[in-house]
Amino acid sequence: MPVARPESSDSRVIAHVDMDCFYVQVEQRKQPHLRGQPTAVVQYNSWQGGGLIAVGYEARKDGVKRSMRGDEAKKVCPQIHLITVPVARGKADLNIYRNAGSEVVSILSRKGRCERASIDEVYLDLTDAAEKLLKETPPESSESIHEEVLKSHVLGLNSNEDDNHKEIVKEWLQNKNGDPHDKLLACGALIVAELRLQVLQETQFTCSAGIAHNKMLAKLASGMNKPAQQTVVPFSSVKELLEALPIKKMKQLGGKLGSSLQVDLGVNTVGDLLKYSEEKLQDLYGVNTGTWLWNTARGMNGEDVEERLLPKSHGSGKTFRGPSALKTLSSVENWLKELCEELSERLQTDLETNKRIAHTLTLHADAYKTTDTDSHKKFPSKSCPLRYGSGKLLEDAVNLFQCGLREYMSPMGNQSCGWKITSLSVTASKIIAIPSGTSSITKYFHCQDPGEKSDLLSPLNDSYQSELKMEFGGEQSIITHDESETSFDRIDLSSGHESCSTSNQNELQPKVSIKETKINYPNNIRSNAHKRKPTKEKGKTSSILRFLQPNSSQHGQTSSVIEGGSLTKSQNRLTTNTWGYNLDEIDQSVVDELPREIQEELYALLPRKKANMVKRGSSIAHYFSPK
């Protein structure tokens, strides 16, 4: 539901920048001979020439619409160029458009707070930049104003001819006695025009913009004069803008809420809402939604521009129209495999490039029943914690689908009647930056010789081909290896929380996933440690001791099993030389962070005398890092 946010008492300058037929522009930049030619971008060619997802302005003049198929567009405009979206894994690959959008965002973010709303649209908060410009070099003191600014459309100004229009706009921009809020918007118009010119020069893309005092009005204005133009909405023109605007054109009113306003209240335009008091709207739609509707009718919106240059979610989906609808679990699983592989690649790229990690996986689907009259029932979306790696994404996505299918078919999970899936998608959300200081425990066990591979990093190591279960005071922690992964789950030792980071691309590394990290340690662990002999290595073992043994190939001898809870002098010397840690400096508080069995093994290795304590807060990396 919409959230009512109070309008700021201070005047803001908000811009909404929208790219003009962006997909077409990206294709025309790749193929310059298409510039000026009627062009459209189609997503699939398997049926009636493919579906149009973007139509250039030249093709629109000839009557081509986005609702058409490719074959129909050719009948309307025989000379049209139909460009197919790149395909990967049997579905559209939009990476080329996402990357082009990132180019634009990097330019627009130079002047203020920037919120990337989609591939081809951005919100900007230019309040600080506009106030600075108004204070230092206000438009009224400028001898000349750039032609691009003079082409701006200012709502409420009456002008027809081009020359007359530019003079009227110039007079409004330089009005010394103008409203202070309008003066700020005038500065915003100068800044946005400059940014749009920079986008054109550096990327060859044109864009349109709306400049207003809040996001809602800026969004409405950006589409009023296209392409390659900008529109300004002064306070005095808000009522005129909204009065005749269809209610369904407003953001968040295109669905059930807008339909309810039309059917229940006879509200067809935003201006019709002015007839109802805030109390009446609150009685009908609740306090929050009622207040939001009352504010919307008056052009008030306190939503802030969030500082976000990167997308807040990643998704991969596909539609299955007509006979291509999915009818079996195996076909659904096959497509989920493709979708999860694409999503995994995008998550890994985001992780490596932006150091961000996603936390929630959501599955969406559209379906209908073939024999049941309850075909209008919506397929439920399902979510779960996200695990990195295409294999684990697929496993979780399949489980989510089956759970949703059982709920969709009947409360008892009866799937006797038929079903068909018409769309399927997986989405990764709740993406946040990785906390600083987070790293993998495995990096502390790398051998000193960079050319020598540790057993821990070898995907062929049998001890990581199965699940290792370790008892900790009645609770279990399971470490699982997935051969399909090439990155480690990262564990922040200071907080006990699990996060994820990228691994070295030049070597295959297994992924270690700690499913439960809460451990109850017995109070007598130190006393038991010296009484208990370290675990002997018999075939497969999860003992930390095998990572502390000198390498046999390096020292020309076989690593021996430590007997009796102590090391011989030669063993101690070899281990110390190999790993570069000093037993006399081990901090007991750091050892306390390790699992119980590993603690017992380490305490068995320590001298009976009290170890020299180093400064608290030292990292465990201090003891295991190579010399």
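Residues numbered from 1 in each chain as written. Predicted model: local features only at pLDDT ≥ 70, side-chain atom pairs only at ≥ 80, totals over all residues. Heavy atoms only, no water.

**A look at the layout of surface pockets**
A water-sized probe rolled over the atoms picks out the places where empty space is left. Its boundaries defined by the atoms lining it, the largest pocket holds a volume of some 1200 Å³. Taken together, 44 residues line the largest pocket, and the ones lying closest to its centre are Arg98, Pro311, Ser313, His314 and Arg346. For the lining of the largest pocket, the secondary-structure elements that each account for two or more residues are β6 (91-92), α4 (95-108), β7 (113-118), β12 (314-319) and α14 (329-354). Counting residues per element, the lining of the largest pocket draws most heavily on α14, at seven residues. Of the residues that constitute the lining of the largest pocket, the class distribution is eleven nonpolar, 16 polar and 17 charged. (1 Å grid on protein atoms, 1.4 Å probe; cavity = no way out; pocket = protein on both sides within 12 Å on 5 of 7 lines; lining within 4 Å. Points joined across faces, edges and corners; volume = space filled by probe spheres on them. Helix = DSSP H or I, 4+ residues; strand = E, 2+ residues; numbered from the N terminus. Nonpolar A, V, L, I, M, F, W, Y, C, P; charged D, E, K, R; others polar.)

**With respect to the side chain of Arg196**
Inspection of the secondary structure puts Arg196 in helix α8 (residues 180-203). Of the residues examined, Arg196 reaches a relative accessible area of 6% and is grouped as buried. At a separation of 3.0 Å, a polar atom in the side chain of Arg196 contacts the side chain of Gln230. Ignoring sequence-local partners within four residues, the contact set of Arg196 consists of Glu148, Cys207, Ser208, Ala209, Ala228, Gln229 and Gln230. (Buried < 20%, exposed > 50% of the residue type's maximum accessible area, 1.4 Å probe, protein only. Polar contact = N/O pair within 3.5 Å; in protein donor to acceptor, adjacent residues only side chain to side chain. Contact = heavy atoms within 4.5 Å.)

**Some remarks on the pattern of salt bridges**
The tally for this structure, following the rule as stated, stands at 24 salt bridges. In this structure, the salt-bridge partner of Asp20 is Lys226, at a minimum N-O distance of 2.9 Å. Of the two residues, Asp20 is situated in the loop between β1 (14-19) and α1 (22-30) and Lys226 in the loop between α9 (215-222) and β11 (230-232); the sequence distance between them amounts to 206 residues. The partner of Glu148 in a salt bridge is Lys151, and the shortest N-O contact between them spans 3.3 Å. Take Glu148: its relative accessible area is 12%, and that puts it in the buried class. Its relative accessible area of 38% is what places Lys151 among the partly exposed residues. A single salt-bridge network, built from bridges that share partners, covers Glu115, Lys215, Glu303, Glu306 and Arg308. (Salt bridge = Lys/Arg side-chain N within 4 Å of Asp/Glu carboxyl O.)

**A look at the packing of α4 against α8**
The description of two packed helices rests on the angle between their axes and on the distance between the axes. The contact between α4 and α8 brings their axes to 10 Å, and the two run at 140 degrees. Taken together, the axes of α4 and α8 lie oblique to each other. Regarding α4 and α8, the two cross each other, and that crossing is right-handed. Residues Glu103, Val104, Ile107 and Leu108 of α4 form the contact with α8, whose own contacting residues are Leu195, Gln198, Val199, Glu202 and Thr203. A class-by-class count of the residues in the contact of α4 with α8 yields five nonpolar, two polar and two charged. (Axes fitted to C-alpha atoms, helices over the stretch in contact; angles between N-to-C directions. Parallel < 35°, antiparallel > 145°, perpendicular 65-115°, else oblique. Left-handed = near helix turned anticlockwise from the far one by under 90°.)

**Some remarks on the nonpolar core**
One finds Val41, Leu108, Leu124, Leu173 and Phe205 to be the most contacted residues of the largest nonpolar core, which totals 49 residues. Of the residues forming this core, the biggest block, eleven residues, is contributed by α8. Residues contacting Leu124, with those up to four places away along its chain left out, are Val13, Ile14, Ala15, Val17, Leu108, Arg113, Cys114, Leu195 and Val305. Counting 36 residues, the second largest nonpolar core, distinct from the first, contains Val332, Ile357, Ala365 and Trp419. (Core = buried A, V, L, I, M, F, W, Y, C linked by side-chain atoms within 4.5 Å.)

**Some points on the sheet that holds strand β15 (residues 382-385)**
Taking strand neighbours across the sheet as the criterion, the four strands line up as β12-β16-β14-β15 in an open arrangement whose pairing is antiparallel. Strands at the two margins of the open sheet, each flanked by one partner only, are β12 and β15. Strand-to-strand, the axes of this sheet are offset by a mean angle of 15 degrees, without reference to chain direction. Across six bridges, β12 lies against strand β16 (residues 419-429) in antiparallel orientation. The residue of β16 that forms the bridge with Thr319 is Ser423. Of the strands in this sheet, β12, β14 (360-369) and β16 touch α14, which is tilted by about 20 degrees from β16. (Pairing = 2+ DSSP bridges.)

**Observations concerning the side chain of Asp125**
For Asp125, the location among the structural elements is in strand β8 (residues 121-125). Classification of Asp125 as buried rests on a relative accessible area of 13%. There is a polar contact of 2.7 Å between the side chain of Asp125 and the side chain of Thr127. Ignoring sequence-local partners within four residues, the contact set of Asp125 consists of Val13, Ile14, Gly112, Arg113 and Val305.

**Section: the pairing of β16**
Within β16, nine of the eleven residues are buried, which leaves the element mostly enclosed by the surrounding structure. In this sheet, β16 lies alongside β14 in antiparallel orientation, the contact comprising ten bridges. Its bridge partner lying in β16, Ala365 is registered against Leu424.

**Here we look at the environment of Ile247**
Within the element layout of this structure, Ile247 appears in the loop between α10 (238-243) and α11 (256-265). The class for Ile247 is buried, based on a relative accessible area of 0%. Excluding its chain neighbours within four sequence positions, the residues that come into contact with Ile247 are Leu253, Gly258, Leu261, Gln262, Val267, Asn268, Thr269, Val270 and Leu273.

**Considerations on the packing of α14 against helix α15 (residues 390-409)**
One can describe the packing of α14 onto α15 by two numbers: an axis separation of 8 Å at closest approach and a directional angle of 135 degrees. With respect to α15, the element α14 is oriented oblique. Crossing hand, α14 versus α15: right-handed. Along the contact surface, α14 presents Leu329, Val332, Glu333, Leu336, Lys337, Cys340, Glu341, Ser344 and Leu347, while α15 presents Ser390, Leu393, Leu394, Ala397, Val398, Phe401, Gln402 and Leu405. For the contact of α14 with α15, the class distribution of residues is eleven nonpolar, three polar and three charged.

**Description of the environment of Gln230**
Positionally, Gln230 belongs in strand β11. Between the C-alpha atom of Gln230 and that of Val154, which follows or precedes it by 76 residues, the distance is 8.7 Å. Apart from the residues within four sequence positions on either side, Gln230 is in contact with Ser152, His153, Ala189, Val192, Ala193, Arg196, Ala209 and Ile211.

**Considerations on the confidence of the model for the protein**
When pLDDT is averaged along the protein, the result is 77, and 67% of the positions lie at 70 or above. For the protein, the element scoring lowest by mean pLDDT is strand β18 (residues 468-472), at 33; β1 scores highest, at 98. Across residues 441-527, where pLDDT falls below 50, the model places 188 contacts with residues more than four positions away in sequence or in other chains. Taken as a whole, residues 609-618 scores under 50 in pLDDT and shows 18 contacts with residues more than four places along the chain or in a different chain. (pLDDT = per-residue confidence, 0-100.)

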